[in-house]
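Descriptive structure summary
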Amino acid sequence: MKLKSIFKEELTWQSPLDKEEIIQILYSIVTSESPNFFKSNLVDSSFKYRGTIEPERFTIQRIINYQNSFLPTIKGEIYPHNQGSLIKMTIQPNIGVQIFMTLWFLGVTIAMLGAGFAFFTIEQDGHTQYIGLIFPLLMLAFGSLLYFLGFKLEANRSKDDLKFYFKAKDRL
């Protein structure tokens, strides 16, 4: 049984375009220019993505004009298939975000276990202390919101863009 990562989304799309057409589309929307600390994050507006393109694979990130550490990295492989192509992609945040969120949720889990233990075992003046459960629940909600807004929304924008460019459909 394969353990599914909450940090990685795997997709397989089918496109009527052949492999060469998809590579040409990628070259038209992807720049290899790296962001410079001293320059603006903006590059030529005709490019929507930044990354590398090889004959059968690509690694890209959407170009945005704001900072987002949760910006997804998209790695894809292109295979000829029938009268078109098959595109297999993985979408995930960078490793630093994965480590941070793992530590965050681990800390929240420990806090919830501690608060749950205190909730069922400690009474002060005959009253159970409910306040100890609120903080871990708020941390859980904040971490989930941070991940959802920072990563999932950007990943969905990228998927919509690429699906449009590749004229692709989900493979069933």
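Residues numbered from 1 in each chain as written. Predicted model: local features only at pLDDT ≥ 70, side-chain atom pairs only at ≥ 80, totals over all residues. Heavy atoms only, no water.

1. Description of the pattern of salt bridges
So the rule is basically this: By definition here, a salt bridge exists when the distance from a side-chain nitrogen of Lys or Arg to a carboxyl oxygen of Asp or Glu is within 4 Å. Starting at the N terminus, helices and strands are each numbered in turn, a helix being any DSSP run of H or I of at least four residues and a strand any DSSP run of E of at least two. A 1.4 Å probe rolled over the protein chains alone gives each residue an accessible area, and that area as a share of the maximum for its type sets the label: buried under 20%, exposed over 50%, partly exposed in between.
Throughout the structure, instances matching the rule amount to 8 salt bridges. Lys159 serves as the salt-bridge partner of Glu9, at 2.6 Å between the closest nitrogen and oxygen. Of this pair, Glu9 sits in strand β1 (residues 9–15) while Lys159 sits in helix α3 (residues 131–166), placing them 150 residues apart in sequence. Among the ionic pairs, Arg62 bridges to Glu154, the shortest N-O distance being 2.6 Å. Note that Arg62 is positioned in strand β4 (residues 57–62) and Glu154 in helix α3, a separation of 92 residues in sequence. A relative accessible area of 15% places Arg62 in the buried class. Among the residues examined, Glu154 registers a relative accessible area of 3% and is labelled buried. Connected through salt bridges with shared partners, the residues Glu54, Arg57 and Glu77 form a single ionic network.

2. Some points on a nonpolar patch on the surface
What counts is decided by this rule: Within this analysis, patches are made of residues with over 30% relative accessible area and no salt bridge. Like charges are joined at 9 Å or less; nonpolar side chains (Val, Leu, Ile, Met, Phe, Trp, Tyr) at 5 Å or less. Every accessible area reported is derived by Shrake-Rupley at a probe size of 1.4 Å, with residue values counting cover from the shown protein chains alone.
There is a patch of nonpolar side chains on the surface, built from Ile95, Ile99, Leu103, Leu106 and Ile110 and spanning about 520 Å² of accessible area. Note that Ile110 resides in helix α2 (residues 95–121).

3. As for the environment of Pro55
Filter applied, for reference: The contact definition used throughout considers only heavy atoms, calling two residues in contact when any of these lie within 4.5 Å.
Mapping Pro55 onto the fold places it in the loop between β3 (49–53) and β4. Contacts of Pro55, omitting those with residues within four sequence positions, involve Lys19 and Ile23.

Keep in mind these numbers describe shape, not what the thing actually does.
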